[in-house]
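Fold and contact review
The chain contents come next:
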Amino acid sequence: MLRVGSNVKTTCMACRNLVSTNMGVRFRIPLQKLHPLSRAIHHRYSGNTNPQRAPHRTAARYFTSMSRLPMRPPKPPPGSGGRSYQQQRSFWVARLAARLLRLRYILLGSAVGGGYTAKKTYDEWKDMLPDFSEYNWVIPDFVWELSEQIDLDKLAKALPEMEEIAKLLPDLDKIGENFTFLKSLLSSETSGDPALKATDSSAAATQDGSDKQYKKGLLGELILIQQQIQRHEEEVRRAAAVHNARPPPPEPAPSPPPNPSPPQQKRKSSDKEKVDQLQEELLRTQLKYQRMLERLEKENKELRKVVLQKDDKGIHQRKVKKSLIDLYSEVLDILSDYDANYNTQDHLPRVVVVGDQSAGKTSVLEMIAQARIFPRGSGEMMTRSPVKVTLSEGPHHVALFKDSGREFDLTKEEDLAALRHEIELRMRKSVKEGQTVSSETISLSVKGPGIQRMVLVDLPGVISTVTTGMASDTKETIFSISKAYMQNPNAIILCIQDGSVDAERSIVTDLVSQMDPQGKRTIFVLTKVDLAEKNLASPSRIQQIVEGKLFPMKALGYFAVVTGKGSSGESIDSIKDYEEDFFQNSRLLRDGMLKAHQVTTKNLSLAVSDCFWKMVRESVEQQADVFKASRFNLETEWKNNYPRLRELDRNELFEKAKNEILDEVISLSQVTPQHWESILQKKLWERVSTHVIENIYLPAAQTIDSGTFNTTVDIKLKQWTDKQLPHKALEVAWETLQEEFARFMAEYKGKDQDDIFDKLKEAVKEESIKRHKWNERAMDSLRVIQHNALEDRSITDKPQWDAAIQFMEETLQSRLKDTESVIRDMVGPDWKQRWLQWKNRTPDQHIRNETKNELERLLKLHDDHTAYLANDEVTTVRKNLEGRGVEVDPVLIKDTWHQLYRRHFLQNALSHCNLCKRGFYYYQRHFVDSELECNDVVLFWRIQRMLVITANTLRQQLTNTEVRRLEKNVKEVLDDFGEDLERKTQLITGRRVQLAEDLKKVREIQEKLEAFIEALHKEK
């Protein structure tokens, strides 16, 4: 922006208005330096003081449209003539168009100028604002992270609608009715005696008030029926009391008794009829009340199912909390494993289902679980191991095992069949060979709407006789398993007795009475009551059983149930209907032998659930304190014995050892090629050197000329390559890989190495080597390579010749040293050892020494003797020795000669080897015109070259294939060991491991118990 000072005299008012006078920077720019277009605009509005600058005005008309339009020219004077006026008038259209076009340019220029001015003003205002980026540190980092991660649009869409929230709100009217109903029930129970003493008028008044209060809905009907039942029971008791209170008639005289008067007979009959009528009316009222309760329970079940389904789906995703019974079941599962491994017994409550075989234990449990989930057979033992069933409420009727994620839909018959088959397979798998039953627990969870929450353990049925096919100790094993569960002082014993057999044949009642003599935690269940009523001549015997007067055992409660007609194809619903119909028509209930609350599996499940949770609330905190004390003791022992070690259990130690072993295996890939080839070459020569010297070199050296020598060598090398050499090479490579693997595992030990892993590493090494199979396809290619290497005889330079001579010399010296050692052992100590070390020769050594001396004289006479003695030579030596008084066997002579000749040959070969050090020149000339022949040096060069090429080939196969395959085998072995708990227990042992295992288990149990107790308190 320009600032024009007041000293500029030639500026116009328009330019002064365009130029701001408030800017701090002042520029003084001459007008001549402006653009011609700017100068034209400027001077169009200023007074022209210099008439010589007029051309700028003309130029502005050509360069800009912002100049003022020219004024209309004046009309010509009258005397100028009309022609010029007519000519000027004819172009008015063109002039009008030109002016319109100029107007367009004016508008366009105004728009451009205004936009530029606005942008300039905005930039100046923006530059005046301070830079807030330096103050970003004031805002915490998590605010920026939240702003990046939170999508407000998705959050707004995820919010539920008001209609959906309104659906989830409770129905206050129904809640009020339920509370009123509960209040009435409690008031009726607590004021039972005064109600019995109330008069008929007060009962009627109460009934009228009740009619007014509960006249609406099904709950009102239930209250009215309950009051009717109470009134009928009172009337029955009054009638019975009046009947019993009448004095008995006097004893009749010896004379014939007179007939009772008709009024007395009429009064007795009327009282009896009234009692029967009241009992029938009471029974009908009770049945009506029971049906209404069942109807209410069914509606409540459906409502709860809908609510659970909504809660299961959720309005938005959230983490599902475990139910109270699931938390408790997890604690029991952990304790079950802990007890099995460490021979301890927990005292947490569970419902133990015991009974004689085929007494109906499994059927009762299925009725409680509302599904036919257990395998069944006709009279044979089906429950072969304890089955822990965790019952809980859920929206769907499903079952699943603790160690499996598959859910079995109990509403589908195919899933039920699959579940029964899976339970049977698990039972048979848990039973060891030679046994009939097992103590291993199978854990199963069953969820469904309306199921009472509890944990039950179904035990094998108690038997009295061991039948064919059973183990001899089956009876004792079942007793020991049952006692182990029942001796828990907090376990609820559900004793199942078959009502269709004689009570005297029961075994389980005596067992239960031993475990719970006072009956404080026993619930007695009489099954198959329908068969008992049909078969027993005296139904009062059933009454004696359910009243606890027939058996010596005591119980908290007694129940009578019916679990079907005995058909395996019956459904739970059909069994329930049959049970309900039976008790409705049974004289046991009609005659008052059984109470209404003592019948049906529904009432049984409610009673068992109540007892279970009562026992849980009374004992769980005490058990938590016990495990807290155990944890403190174990932690104290660890701090005192292993203060600087982390508490790693067996699985964690195995993972640590696994990583160490894999690191050691990977170290094999870091071995240098030179190291591999050096080891392979050395080991291969140690393996084949004896064969080369004894079977190839020595026989060939006995030939008379070089041609025969080379022919013998070629034949024997070909046979050796085809049959033995590749196998020997692969054996050497495999042994080398094993030794290097073992060396790395042994050298890996450092300050962080734990000795507790030694047994595991040794087992992994042995198993990996056992599983590793060398690639046999490499043998054929190796045979070809070795054959080609041995066929080559061309030594190219003097260093190779010298290396072959050195190799030959080292080999012969080693063999000579071994031969001399054998000869010394044969002849015994020499004179120095005898005099200095006080050693003497044995008689056999003395004979061999004399034989040696005789044979050495023979070799001095015949320096070029062959490798074998002739028979006449053997006889000569023998006679010479006999002449000196030494009896010797011809075999001993030949054996001694073999070693002496071997030493003689090796000494000569070493001398020849020294002569061949200068024989490379003669070798290049193929030993023509030379007495020196070094074919043996060429043989050793061929052997040496074969060793180098074989070692290189084996090294490539090791590094490219076999090391990776060994690493793969090690991983497989470690994975197999990781899945085998018994194997891990054998390989990772010690007090340290045991203590860490105990600590882990106790901590887990304590944490689970604390979480369960917290949830239990919240539920209260």
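**Observations regarding helix H30 (residues 798-827)**
Given a rise of 1.5 Å per residue, 30 residues ought to cover 44 Å, and the 43 Å separating the end C-alpha atoms of H30 matches this to within 8%. One side-chain oxygen at the N-terminal end of H30 lies 3.2 Å from the backbone nitrogen of Gln-800; it belongs to Asp-797. Looking one or two residues beyond H30, the residue adopting positive phi is Gly-828, at roughly 90°.

**What about the sheet that holds strand E4 (residues 408-409)?**
Taken in spatial order, the nine strands line up as E4-E3-E5-E2-E6-E1-E7-E8-E9 in an open sheet, and their pairing is mixed. If you trace the sheet from one side to the other, it starts and ends with E4 and strand E9 (557-560), each paired once. Sheet analysis places strand E3 (residues 398-401) next to E4, joined by two bridges and oriented antiparallel. Directly across from Ala-399, in E4, lies its bridge partner Phe-408.

**A look at the nonpolar core**
Counting 100 residues, the largest nonpolar core has Tyr-697, Trp-720, Trp-801, Ile-943 and Val-970 as the members making the most contacts within it. By residue number, the principal contributor to this core is helix H36 (residues 935-979), which donates 17 residues. With residues up to four places along the chain from it excluded, the contact list for Val-970 reads Ile-661, Leu-662, Val-665, Phe-741, Val-764 and Ser-768. Ile-373, Val-455, Leu-494 and Leu-604 belong to the second largest nonpolar core, which has 59 residues in total.

**Observations regarding the environment of Leu-954**
Looking at the secondary structure, you find Leu-954 in helix H36. Placed 176 residues apart in sequence, Leu-954 and Ala-778 show a C-alpha to C-alpha distance of 9.2 Å. Apart from the residues within four sequence positions on either side, Leu-954 is in contact with Leu-680, Ala-729, Leu-730, Ala-733 and Leu-782.

**Comments concerning the side chain of Ser-605**
Position of Ser-605 among the secondary structure elements: in helix H23 (residues 601-641). The class for Ser-605 is buried, based on a relative accessible area of 6%. In this view, Ser-605 contacts Ile-368, Gln-452 and Met-454; residues no more than four positions away in its chain are not counted.

**What about the environment of Arg-918?**
Structurally, the position occupied by Arg-918 is in the loop between helix H34 (890-915) and helix H35 (920-924). When the C-alpha positions of Arg-918 and Leu-932 are compared, they lie 9.8 Å apart, and in sequence the two are 14 residues distant.

**Focus: the state of the cysteines**
By definition, a disulfide links the sulfur atoms of two cysteine residues through a covalent bond. Evaluation of the coordinates by the stated rule reveals one disulfide. A sulfur-sulfur distance of 2.1 Å marks the disulfide that ties Cys-916 to Cys-934. Because the sign of the S-S torsion sets the handedness, a value of about -100° for the bond joining Cys-916 and Cys-934 places this disulfide among the left-handed ones. Taken as a pair, Cys-916 in the loop between H34 and H35 and Cys-934 in the loop between H35 and H36 lie far apart in primary sequence, 18 residues in all.

**Some thoughts on the confidence of the model for the protein**
Residues at a pLDDT of 70 or more form 67% of the protein, whose mean pLDDT is 75. Mean pLDDT across the secondary structure elements of the protein bottoms out at helix H10 (residues 192-197), with 36, and peaks at strand E1 (residues 351-355), with 92. A low-confidence stretch, residues 1-90 stays under pLDDT 50, and its non-local contacts, those more than four residues away or across chains, total 58 contacts.

**What to know about unusual backbone geometry**
The backbone of Ser-358 sits at a positive phi, close to 65°, despite the residue not being glycine. Mapping Ser-358 onto the fold places it in the loop between E1 and helix H15 (361-369).

**Structural notes on the packing of helix H24 (residues 650-666) against helix H38 (residues 991-1019)**
Packing of H24 against H38 brings their axes to within 9 Å, and their N-to-C directions diverge by 125°. Compared by their axis directions, H24 and H38 come out oblique. Each of Arg-650, Asn-651 and Leu-653 in H24 lies in contact with H38, whose residues at this interface are Arg-992, Val-993, Gln-994 and Glu-997. Classifying every residue of the contact of H24 with H38 gives two nonpolar, two polar and three charged.

**Observations concerning helix H16 (residues 413-430)**
Given 3.6 residues to a turn, an α-helix orients residues that are three or four positions apart in the same direction. If you check H16, its first and last C-alpha atoms are 26 Å apart, about what 18 residues at 1.5 Å a residue would give, namely 26 Å. Along H16, the residues classified as buried are Asp-415, Leu-416, Leu-419, Arg-420, Ile-423, Met-427 and Ser-430. Looking straight down H16, one finds its buried side chains confined to an arc of 140°; they lie on one side. Seen from the open side of H16, the exposed residues pointing more than 90 degrees away from its buried face are Glu-414 and Lys-429. Of the surrounding elements, those touching the buried residues of H16 are strand E2 (387-393), E3, E4 and strand E5 (442-448).

**Quick notes on the packing of helix H28 (residues 758-771) against H36**
Axis angle and axis distance: for two packed helices, these are the angle between their axes and the distance between the axes, and together they describe the pair. For the pair H28 and H36, the least separation of the axes is 9 Å and the interaxial angle reads 125°. With respect to each other, H28 and H36 are oriented oblique. Helix-helix and strand crossings are classified by hand; for H28 and H36 the assignment is right-handed. Seen from H28, the contacting residues are Leu-760, Ala-763, Val-764, Glu-767, Ser-768 and Arg-771; seen from H36, they are Leu-966, Asn-969, Val-970, Glu-972, Val-973, Leu-974, Asp-976 and Phe-977. Counted by class, the contact of H28 with H36 contains eight nonpolar, two polar and four charged residues.

**Considerations on the pairing of strand E6 (residues 454-458)**
Two faces make up the sheet, and in a regular strand the side chains alternate between them. For E6, the tally of buried residues reaches five of five residues, placing the bulk of the element in the interior. Across the two faces of E6 the burial is the same, with Met-454, Leu-456 and Asp-458 and Val-455 and Val-457 all buried. Where E1 lies against E6, three bridges are found, and the strand directions are parallel. Its bridge partner being in E6, Val-352 is matched across the sheet by Val-457. Sheet topology note: the E2/E6 ladder contains five bridges and is antiparallel. The residue of E6 that forms the bridge with Val-387 is Asp-458.

Reading the values: rules and limits
- All chains use their own residue numbering, which begins from 1 and follows the written sequence.
- Local features in a predicted model are, by the rule used here, given only for residues with pLDDT of at least 70; side-chain atom pairs are given and counted only at 80 or more, and totals for whole chains, interfaces and linings are based on all residues.
- As a rule here, side-chain values come from all non-hydrogen atoms in the structure, and water together with hydrogens is ignored.
- Strands here mean DSSP runs of E at least two residues long; helices mean DSSP runs of H or I at least four residues long; both are numbered from the N terminus.
- To estimate how far a helix should reach, multiply one less than its number of residues by 1.5 Å.
- Identification of polar contacts relies on pairs of N or O atoms within 3.5 Å, with a donor-acceptor requirement for protein atoms, meaning one able to donate a hydrogen and the other able to accept it, and with residues adjacent in sequence counted only if both atoms are side-chain atoms.
- Paired strands, as defined in this entry, are two strands with at least two bridges between them according to DSSP.
- For the purposes of this section, nonpolar cores are sets of buried Ala, Val, Leu, Ile, Met, Phe, Trp, Tyr and Cys residues that join through side-chain atoms within 4.5 Å.
- Exposure classes here rest on a 1.4 Å probe applied to the protein chains alone. A residue is buried below 20% of its type maximum, exposed above 50%, and partly exposed in between.
- Residue contacts follow a heavy-atom distance rule, with two residues in contact if any of their heavy atoms lie within 4.5 Å.
- Cysteine sulfurs are considered disulfide-paired once they come within 2.5 Å of each other.
- pLDDT gives the predictor's per-residue confidence on a scale running from 0 to 100.
- For helices, the fitted axis covers only the stretch in contact; all axes are lines through C-alpha atoms, and the angles between them, taken along N-to-C directions, range from 0 to 180 degrees.
- With respect to orientation, any angle under 35 degrees is reported as roughly parallel, any angle over 145 as roughly antiparallel, any angle of 65 to 115 as roughly perpendicular, and every other angle as oblique.
- Side-chain classes follow a simple rule in which Ala, Val, Leu, Ile, Met, Phe, Trp, Tyr, Cys and Pro form the nonpolar group, Asp, Glu, Lys and Arg form the charged group, and the remainder, Gly included, forms the polar group.
- Picture the helix axis, draw a direction to every C-beta atom, and the arc is the one those directions span.
- In this scheme the crossing of two helices becomes right-handed for a clockwise turn of the near helix relative to the far one and left-handed for an anticlockwise turn of less than a right angle.

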